[in-house]
Amino acid sequence: MASEDVVGKTSATIANIAEEAKIASAGVKAPSRQTVLSICKSLVAGGVAGGVSRTAVAPLERMKILLQVQNPHAIKYNGTVQGLKYIWRTEGLRGMFKGNGTNCARIVPNSAVKFFSYEEASKGILWLYRQQPGNEDAELTPLLRLGAGACAGIIAMSATYPMDLVRGRLTVQTDKSPSQYRGIAHALTTVLREEGPRALYKGWLPSVIGVVPYVGLNFAVYESLKDYLVKSRPLGLVEDTELSVTTKLACGAVAGTVGQTIAYPLDVIRRRMQMVGWKHAASVVTGEGKSKSALEYTGMIDAFRKTVRYEGFGALYKGLVPNSVKVVPSIAIAFVTYEVVKDVLKVDMRISE
């Protein structure tokens, strides 16, 4: 969902960016050239890691979106495995990765905005916190950093949201769709021309609201798991009160899965709202009862109401299986790729010096 932009599925990337911003907000003055190189290194490594991890799970991501928005009167996809087989048979290898280019193209600008937003949000939140009596010399706590991260994520998500809307539509269209977007630029200009500027932010509200349960649960579940493992030390997973990298990744995957599951209905509503107003979108999502008229939502609440009324409560969790399956490999691939790229860049910088 939007949560992948808010907290970042590539947790290693965001963790490093957060550390850089934390140093800046704490008032540690690093040499200008070193700071610039560090930021560039984080953005490049994060962009590569995000692109590789998203590409690796792109078929599951497309399957999730198709299940979320498919026409309930003409079901093509009855599940993850059947759906992937159907895409392979009807669209081939390219069909598995449709929309992935746009998804990857969002990474670098999203990370750049997130970095600078995190730094400014950290300073602002710390300033407000220090205005409270007794907190004059306070520093950023984990909870305050969590708030800063959520603010930065919302800003970054908002800045690149039009690309997310376009990505959703490119992902859903097939070779047999009546109307075709030829790429990112064509899709953006077409939406602007046919639906107006506001259309680029359809589904934005549920994306923002989804931040609260996702971030909160992610943080709570991760910290609870970590504390439990440190105290009980089951199966030798903890050494000297420190969790191994693998254990941290596992805790992150569990926390991410729980957070996404609770906030998942908002992601379904967001995708469905993104389809509304799209010319010929009735071939994707159709409406009320037997009339099969094009579905229109007056807002987020109306989208929830109509989805549950005409398709049942279970419709709010369509696509949850492929979404959950891709969490672990996505995080693991992103983490490994990020560390490898960072090491390569470190070597190259030393050589250039």
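Residues numbered from 1 in each chain as written. Predicted model: local features only at pLDDT ≥ 70, side-chain atom pairs only at ≥ 80, totals over all residues. Heavy atoms only, no water.

- With an unreviewed UniProt entry as reference, the protein is termed Mitochondrial carrier protein, source organism Deinandra increscens subsp. villosa.
- Database annotation for the protein, UniProt heading Subcellular location (unreviewed entry): "Mitochondrion inner membrane".
- As its UniProt record puts it under Sequence similarities (unreviewed entry), the protein is described as follows: "Belongs to the mitochondrial carrier (TC 2.A.29) family." (UniProt positions renumbered as here; feature names shortened; annotations may be inferred.)

**As for the overall build of the protein**
Okay, step 1: Tallying secondary structure elements over the protein gives 16 helices and two strands in all.
Okay, step 2: Taking all 353 residues of the protein together, the buried fraction comes to 48%.
Okay, step 3: For the protein, the accessible area works out to roughly 16900 Å², and carbon and sulfur atoms hold 64% of it. (Helix = DSSP H or I, 4+ residues; strand = E, 2+ residues; numbered from the N terminus. Buried < 20%, exposed > 50% of the residue type's maximum accessible area, 1.4 Å probe, protein only. Areas by Shrake-Rupley, 256 points an atom, 1.4 Å probe, with all protein chains shown as cover.)

**Overview of helix 13 (residues 245-275)**
Okay, step 1: The largest bend in helix 13 is about 55°, located at A263, with the proline P265 one to four residues further on.
Okay, step 2: G277, located one to two residues past helix 13, shows a positive phi value of around 90°. (Bend = angle between axes of the 7 residues up to and from the residue.)

**Some details on helix 7 (residues 107-130)**
Okay, step 1: Taking 1.5 Å of rise per residue, 24 residues should cover 34 Å, and helix 7 covers 34 Å from first to last C-alpha, within 8% of that figure.
Okay, step 2: For helix 7, the full list of buried residues reads I107, N110, S111, K114, F115, S117, Y118, E119, A121, S122, I125 and L126. (Expected span 1.5 Å × (residues − 1).)

**Focus on the pattern of salt bridges**
Okay, step 1: Per the stated rule, a full pass over the model turns up 21 salt bridges.
Okay, step 2: A salt bridge links E120 to K123; the shortest N-O distance between them is 4.0 Å. Placement of the pair is E120 and K123 together in helix 7, with a separation of three residues, close to one helical turn.
Okay, step 3: The class of E120 is partly exposed, set by a relative accessible area of 49%.
Okay, step 4: Using a relative accessible area of 37% as the deciding quantity, one classes K123 as partly exposed.
Okay, step 5: A salt bridge links D302 to K306, with the shortest nitrogen-to-oxygen separation between them at 3.4 Å. One end of the pair is D302 and the other is K306, both in helix 14 (residues 300-311) and four residues apart, which spans about a single turn. Comparing D302 with K306, the two get one shared label, buried. (Salt bridge = Lys/Arg side-chain N within 4 Å of Asp/Glu carboxyl O.)

**Observations regarding the packing of helix 4 (residues 58-69) against helix 5 (residues 80-96)**
The description of two packed helices rests on the angle between their axes and on the distance between the axes.
Okay, step 1: Interaxial distance between helix 4 and helix 5 falls to 11 Å at its minimum, and their mutual angle equals 115°. Considering the relative orientation of helix 4 and helix 5, their crossing is right-handed. Contact residues: A58, P59, L60, R62, M63 and L66 in helix 4; T80, G83, L84, I87, E91, G95 and M96 in helix 5.
Okay, step 2: Partitioning the contact of helix 4 with helix 5 into residue classes produces eight nonpolar, three polar and two charged. (Axes fitted to C-alpha atoms, helices over the stretch in contact; angles between N-to-C directions. Left-handed = near helix turned anticlockwise from the far one by under 90°. Contact = heavy atoms within 4.5 Å. Nonpolar A, V, L, I, M, F, W, Y, C, P; charged D, E, K, R; others polar.)

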